[in-house]
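Structural characterization, general
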Amino acid sequence: MAEKVVIIGSGPAGFSAAIYAARASLEPLLFEGTVKPEMIPLGQLAYTTEVENFAGFPAGNIREFVESAVDAERHYNLPPAPAGHERDGRPHYAVQGVELMELMKQQALNFGTRIVGEDIVDVDFTNRPFQLTSSGGQTVAAETVIVATGARANYLGLESEEAFKNRGVSACAVCDGALPRFRNKPLVVVGGGDSAIEEATYLTKFASQVMLVHRRDELRASKIMQQRAFDDPKLEILWNTVVDEVVGDDSQGVTGVRLNSTVDQPSREVEAAGMFLAIGHTPNTEFLKGKLEMNDKGYLRWTEAFRTKTSVAGVFAAGDVADDYYRQAITSAGTGCMAALDAERYLAEHGK
Ligand code: NAP
């Protein structure tokens, strides 16, 4: 018998869709992806440290926040502040990306979501029920599908960058930044958006110095993140600069990068034990080419304003896979909810 709802992807969009679909008794089957650079289980938040902007998870002194909201005479009712979470001697707690995702996963499981640790590698949307093929070789029939496969980090495309991947070249400071090879060494981060600043400031904890290489004379990052970069004494911004080549050898891995100015200075080499890319993302839609409409960057197209409908009736898209504009965990979660409601309504309209 066909599944009522199959969800592909396990980021905030996938699990929010699962929570809503499961609570609507649709018994969703969710393919969470395998451990590989593209579609990683738990999505990109699994690569993030503190999340400060997901509503409901304020960073700071949580006990103080709650106390201010509760009448003083009822304060004795409040639980003690969690131990071991302090910053500058004061209680401080911020949810970690992976922690937030594990909570979402557990919430989806609590309502009866079934989770498979595989990718969907092929789809047939020409017949109903739809047919999906997993990386483990199983075929699943589905009345509706919610695509929530997200997006992945981009690389510059240099041969030398490819040669030093995992030997000093990384697209995830949070995953790799604490490795011994990077400790107390100069590091390079490429990009000028929020991710670049986030990665660069994170790396200053370990590095002797971080050079942010940006191709323009103005950052794309939000003002608050820009200020964070300007205020960090270990972070230097190299304006109007691009990476020409990653330099290194077999024994040490990356030892430096050759930089080119986009304005006038001659090319030069700087010493660096690592190069971290933060230059945007590509949607995980390769397996959907020719099956669903996409925009010129490969993001799935919503075919009706403020609905998660794709070009195939019964197939819905949620999260970063259909969003090259907002790209936030909270917006992904919101569209995941929308996709589950859209799938539920589609099933009801079609008597399923
Ligand atoms: P982004 O905003 O698209 O920024 C990408 C950066 O990489 C840009 O500065 C771009 O330069 C540069 N770039 C792109 N291709 C390049 C190339 N081939 N060579 C050199 N530089 C290149 O991407 P993002 O920083 O990953 O952010 C994505 C979204 O997530 C944004 O909406 C952001 O606000 C959000 N985000 C938020 C937070 C937070 O709030 N804490 C953290 C991370 C991300 P140009 O500026 O010249 O185009």
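Our subject in this report is the structure included herewith. Note that the structure is a prediction, hence the values are computed from the model and not measured.

1. Section: the packing of aromatic side chains
The description of an aromatic ring pair rests on the distance of the ring centres and on the angle between the ring planes. Under the definition given, this model contains 6 aromatic pairs. Ring centres of Tyr-325 and Tyr-326 lie 4.8 Å apart, and the angle between their planes is 85°; on these two criteria the pair is classed as edge-to-face. Between Arg-23 and the ring centre of Phe-111, over which it is positioned, the NZ or CZ distance is 4.9 Å. The ring of Tyr-155 carries the charged tip of Lys-165 above its face, separated from the ring centre by 4.0 Å.

2. Structural notes on the site of the ligand
Taken together, 19 residues surround the ligand, and among them Asp-194, Ser-195, Arg-215, Arg-216 and Arg-220 come closest. At a separation of 3.4 Å, an oxygen atom of the ligand approaches a polar backbone atom of Gly-193. Measuring from an oxygen atom of the ligand, one finds a side-chain N or O atom of Asp-194 at 2.6 Å. Here the ligand loses 76% of its free accessible area of 910 Å² to cover by the protein chains. Per-element accounting of the shell around the ligand gives the leading share, 3 residues, to helix H6 (residues 194-203).

3. Side note on the sheet that holds strand E14 (residues 241-249)
Spatially, the 3 strands line up as an open sheet ordered E14-E15-E16, and their pairing is antiparallel. Bordering the open sheet on either side are E14 and strand E16 (268-271), each of which pairs with just one other strand. Going from strand to strand, the sheet's axes swing by 30° on average, the running direction of each strand aside. In the sheet, strand E15 (residues 253-261) pairs with E16 via 4 bridges, with the strands oriented antiparallel. In the sheet register, Arg-258 faces E16, and the bridge partner there is Glu-269.

4. Structural notes on the nonpolar core
In this structure, Val-5, Ile-7, Phe-15, Leu-100 and Ile-146 are the most contacted members of the largest nonpolar core, which totals 30 residues. The set of elements that each furnish at least two residues to this core consists of strand E1 (3-8), helix H1 (12-23), helix H3 (97-110) and helix H8 (329-349). When neighbours within four sequence positions are excluded, Ile-146 is seen to be in contact with Val-5, Val-6, Ile-7, Ile-8, Ala-17, Phe-316, Ala-318, Ala-339, Ala-340 and Ala-343.

5. Looking at the side chain of Asn-284
Considering the arrangement of structural elements, one finds Asn-284 in the loop between strand E18 (281-283) and strand E19 (315-317). Asn-284 gets classed as buried once you look at its relative accessible area, which sits at 1%. At 2.8 Å, the side chain of Asn-284 forms a polar contact with the side chain of Arg-152.

Rules of the game
Residues numbered from 1 in each chain as written. Predicted model: local features only at pLDDT ≥ 70, side-chain atom pairs only at ≥ 80, totals over all residues. Heavy atoms only, no water. Phe/Tyr/Trp six-rings, centres within 6.5 Å; stacked < 30°, edge-to-face > 60°. Lys NZ or Arg CZ within 6 Å of the ring centre and 35° of its normal. Near = heavy atom within 4 Å. Polar contact = N/O pair within 3.5 Å; in protein donor to acceptor, adjacent residues only side chain to side chain. Areas by Shrake-Rupley, 256 points an atom, 1.4 Å probe, with all protein chains shown as cover. Helix = DSSP H or I, 4+ residues; strand = E, 2+ residues; numbered from the N terminus. Pairing = 2+ DSSP bridges. Axes fitted to C-alpha atoms, helices over the stretch in contact; angles between N-to-C directions. Core = buried A, V, L, I, M, F, W, Y, C linked by side-chain atoms within 4.5 Å. Buried < 20%, exposed > 50% of the residue type's maximum accessible area, 1.4 Å probe, protein only. Contact = heavy atoms within 4.5 Å.

By themselves, these figures tell us nothing about what the structure is for.
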